Amino acid sequence: MTEDPFVAHRSLLFTVAYEMLGSAADAEDVLQESWLRWAEVDHAQVRDPRAYLVRAVTRQALNRLRSLARRREDYVGEWLPEPLLTSPDVAEDVELAESVSIAMLTVLETLAPVERAVFVLREVFDMPYGEIAEAVGKSGPAVRQIARRAREHVAARRPRMQVSRSEQQVVVDRFLAALRTGRLQDLMEVMAPDVVLVADGGGQAAAALVPVHGAEVVAALLARTGRSASETTAVWLNGAPGARIETDGRPAAVSLVVEDGLITRIYATANPRKLTRLDKLVDLAR
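In this report, the structure presented in the accompanying data block is examined.

What counts as what
Residues numbered from 1 in each chain as written. Predicted model: local features only at pLDDT ≥ 70, side-chain atom pairs only at ≥ 80, totals over all residues. Heavy atoms only, no water. Axes fitted to C-alpha atoms, helices over the stretch in contact; angles between N-to-C directions. Helix = DSSP H or I, 4+ residues; strand = E, 2+ residues; numbered from the N terminus. Parallel < 35°, antiparallel > 145°, perpendicular 65-115°, else oblique. Contact = heavy atoms within 4.5 Å. Nonpolar A, V, L, I, M, F, W, Y, C, P; charged D, E, K, R; others polar. Core = buried A, V, L, I, M, F, W, Y, C linked by side-chain atoms within 4.5 Å. Buried < 20%, exposed > 50% of the residue type's maximum accessible area, 1.4 Å probe, protein only. Arc of directions from axis to C-beta.

Turning our attention to the packing of helix α8 (residues 129-136) against helix α9 (residues 140-157). In the contact formed by α8 and α9, the axes pass within 9 Å of each other and the chain directions differ by 95°. Relative to α9, the element α8 lies roughly perpendicular. Residues Tyr129, Ile132, Ala133 and Val136 of α8 form the contact with α9, whose participating residues are Gly140, Val143, Arg144, Ala147 and Arg151. Of the residues contributing to the contact of α8 with α9, the split by class is six nonpolar, one polar and two charged.

Printed below as a string of structure tokens:
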């Protein structure tokens, strides 16, 4: 018996939805809606099930993204993508790992919904412009223009430096060692002078409501966290080495951007609603 195409491509479809929405919970909802629609289709009439399903998921994700706009406007403090526990294997596909990184997903949040869909489908999944046009309801020439604008927008905002997995791991290990000591100087030595800390508590957990700038201020905040933390563990988050920190029974997921051996950005997610997948590996694919 041949496996249902939806089941066969589920990891890919989840990845498409997640990259468009930045939320695993919303991505799962999109997959459920897409599955229901797929069940009503005459599969014998579908020439390319993979392309068909990607288009269907894209349309559902676009609808969901537009409906989420108001909710995110009313969000308490900074909104960060939902972190996912991934295996080191995700990092083997460098382009996939970069596309699902918290840093990149944060940049994608600054795109309009259609721009985000076009960028993800073209730059990450290498879909032909014609298929993208059908998925987003635009003409081929319009999609090419949207793709160009989106590329320029992302290029201007994405982290400038890319480091190897081993380099990232070394810095994460140094960061965790410094965090465990709780010493200000140890933390400052692993961070760039202009480091930025972005925290997401969503009104559900203690977190800075605006980005925190500068090594001295960020280190002071982290030193207090390190001294009160009961557990600091290195984990793989969104295809890169990251950290899980537990304080008073409350977990937080920390992703780092590293440039020239120093941390330039820290993304700390403490909203418990976004941490429900930290105990189970998520399969990402393209």
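Having seen the model, we can carry on.
The subject of this paragraph is the nonpolar core. In this structure, Phe14, Leu108, Val118 and Val136 are the most contacted members of the largest nonpolar core, which totals 52 residues. Put simply, the parts of the chain that give this core at least two residues each are α2 (10-21), α3 (24-39), α4 (49-73), α6 (102-108), α7 (113-124), α8 and α9. For this core, the element with the highest residue contribution is α2, accounting for eight residues. Apart from residues no more than four positions distant in its own chain, leucine 108 is found in contact with Glu19, Arg116, Phe119, Val120 and Val154.

A few words on α8. Here α8 has its buried residues at Tyr129, Ile132, Ala133, Ala135 and Val136. In a view along the axis of α8, the buried residues occupy a sector of 165°, so they form one face of it. Buried residues along α8 sit against α4, α7 and α9. Positioned one or two residues after α8, glycine 137 has a phi angle of 75°, which is positive.

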